[in-house]
Amino acid sequence: QVQLLQSGAEVKKPGASVKVSCQTSGYNFPDYYIHWLRQAPGQGLEWMGWINPGTGATKYEQKFQARVTMARDTSIRTAYMELRTLRSDDAAVYFCARTLRAGLGARFDHWGQGILVTVSS
Amino acid sequence: DIQMTQSPSSLSASVGDRVTITCRASESISTYLNWYQQIPGKAPKILIYRASSLHSGVPSRFSGGGSGTEFTLTISSLQPEDFATYYCQQSYSVPPFSFGPGTKVDMK
């Protein structure tokens, strides 16, 4: 079955970087976009960007453009998201999720379990 | 960017109740609207896509409707496992993928 398995919780200081992973199984990795979304405590869902695992192409939400990098390693079917220059308001649960397409009609049909990132001095 | 709103922000209901949640888009999105359920501490799960299509494995007590700018999610007979937060998400003009703020359904 389709699985997206994310790495463990992270604790970082303000100004540091965090790199989280999303290991996939149960489907053809290049066929589905991997998106990263986050959810601050008690808040809603915020989309950060996507990576096309087949081509490596990325698209980032404008507010994260300067601080985020998404990458993938096709040999181990894993996607990565690095967020730099962390601030206290970056503290959130970070999810990976897949979609078959990146445009019209895209839907997040499978999600990782989420990674809690704490930012504290 | 398209903005999504939901009403109510929260509601209290009992097992067996019929529950309806409304989602509105800031401009027409045809039927490109998805619904998700999130239980606390868990990842969201898709329930409905293209406004009214039930995702595989989702119980038939969930249904969706609407088009243009106004959409509904209905739970015909609320079950104990349905107490959760529900989010709508537009897939018409993406990116960005915008979500509604959520509707929390809790026990009366």
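Structural data are supplied above this passage.
For the structure given in this document, a descriptive report is provided here.

Criteria and cut-off values
- Residues numbered from 1 in each chain as written.
- Chains lettered and ligands numbered in written order.
- Predicted model: local features only at pLDDT ≥ 70, side-chain atom pairs only at ≥ 80, totals over all residues.
- Heavy atoms only, no water.
- Contact = heavy atoms within 4.5 Å.
- Buried area = accessible area lost by both parts, 1.4 Å probe.
- Polar contact = N/O pair within 3.5 Å; in protein donor to acceptor, adjacent residues only side chain to side chain.
- Helix = DSSP H or I, 4+ residues; strand = E, 2+ residues; numbered from the N terminus.
- Nonpolar A, V, L, I, M, F, W, Y, C, P; charged D, E, K, R; others polar.
- Pairing = 2+ DSSP bridges.
- Buried < 20%, exposed > 50% of the residue type's maximum accessible area, 1.4 Å probe, protein only.
- Disulfide = S-S within 2.5 Å.
- Core = buried A, V, L, I, M, F, W, Y, C linked by side-chain atoms within 4.5 Å.

### A closer look at the interface of chain B and chain A
Each partner contributes residues to the interface: chain B has 19 residues there, and chain A has 21 residues. Between chain B and chain A lies a buried interface of about 1700 Å² when both sides are counted; carbon and sulfur atoms form 68% of it. Looking only at chain B, the three residues that lose the most surface to chain A are Pro44, Phe97 and Phe99 of chain B, adding up to 32% of its buried area. Counting the contacts that link chain B with chain A gives 5 residue pairs in polar contact (both at pLDDT 80 or more). Residue contributions to the side of chain B that touches chain A peak at 3 residues, all from strand 4 (residues 33–38) of chain B. When grouped by side-chain class, the residues that make up the side of chain B that touches chain A number 13 nonpolar, 5 polar and 1 charged.

### Examining the sheet that holds strand 4 of chain B
Residue and element names in this part refer to chain B. The 6 strands lie next to each other as 2-10-9-4-5-6, forming an open sheet whose pairing is mixed. Each edge of the open sheet is held by one strand with a lone partner, namely strand 2 (10–13) and strand 6 (53–54). When strand 5 (residues 45–49) meets strand 6, the two strands line up antiparallel, connected through 2 bridges. By the bridge assignment for strand 6, Tyr49 is matched with Ser53.

### Here we look at unusual backbone geometry
A cis geometry characterises the amide bond from Val94 of chain B onward to Pro95 of chain B, with omega recorded as -5 degrees. With respect to the helices and strands, the residue Pro95 of chain B is situated in the loop between strand 9 (85–90) and strand 10 (103–107). Note that the residue after Pro95 of chain B, namely Pro96 of chain B, is joined by a cis bond; omega there is 0 degrees. One can find Pro96 of chain B in the loop between strand 9 and strand 10. The phi dihedral of Thr85 of chain A is positive, around 50 degrees, even though this residue is not glycine. On the basis of relative accessible area, Thr85 of chain A is assigned to the partly exposed category, the value being 48%.

### Quick word on the state of the cysteines
In protein chemistry, a disulfide is the covalent bond that joins the sulfur atoms of two cysteines. Residue and element names in this part refer to chain B. Scanning the model with the defined rule gives 2 disulfides over all chains in all. Between the sulfur atoms of Cys23 and its disulfide partner Cys88 the distance amounts to 2.1 Å. An S-S torsion of about 75 degrees defines the bridge between Cys23 and Cys88 as right-handed. Of the two residues, Cys23 is situated in strand 3 (residues 19–25) and Cys88 in strand 9; the sequence distance between them amounts to 65 residues. Neither residue differs from the other here; Cys23 and Cys88 are each classed as buried.

### A closer look at the nonpolar core
Counting 26 residues, the largest nonpolar core has Ile34, Trp36, Met48, Val68, Met70, Met81 and Leu83 of chain A as its most contacted members. Those elements that provide at least two residues to this core are strand 3 (18–25), strand 4 (33–39), strand 5 (46–51), strand 7 (68–73), strand 8 (78–83), strand 9 (92–99) and strand 11 (115–119) of chain A. Dropping the residues within four chain positions of it, Met70 of chain A is found in contact with Trp36, Met48, Gly49, Trp50, Ile51, Thr58, Tyr60, Tyr80 and Met81 of chain A. Counting 25 residues, the second largest nonpolar core, distinct from the first, contains Ile2, Leu47, Phe62 and Cys88 of chain B.

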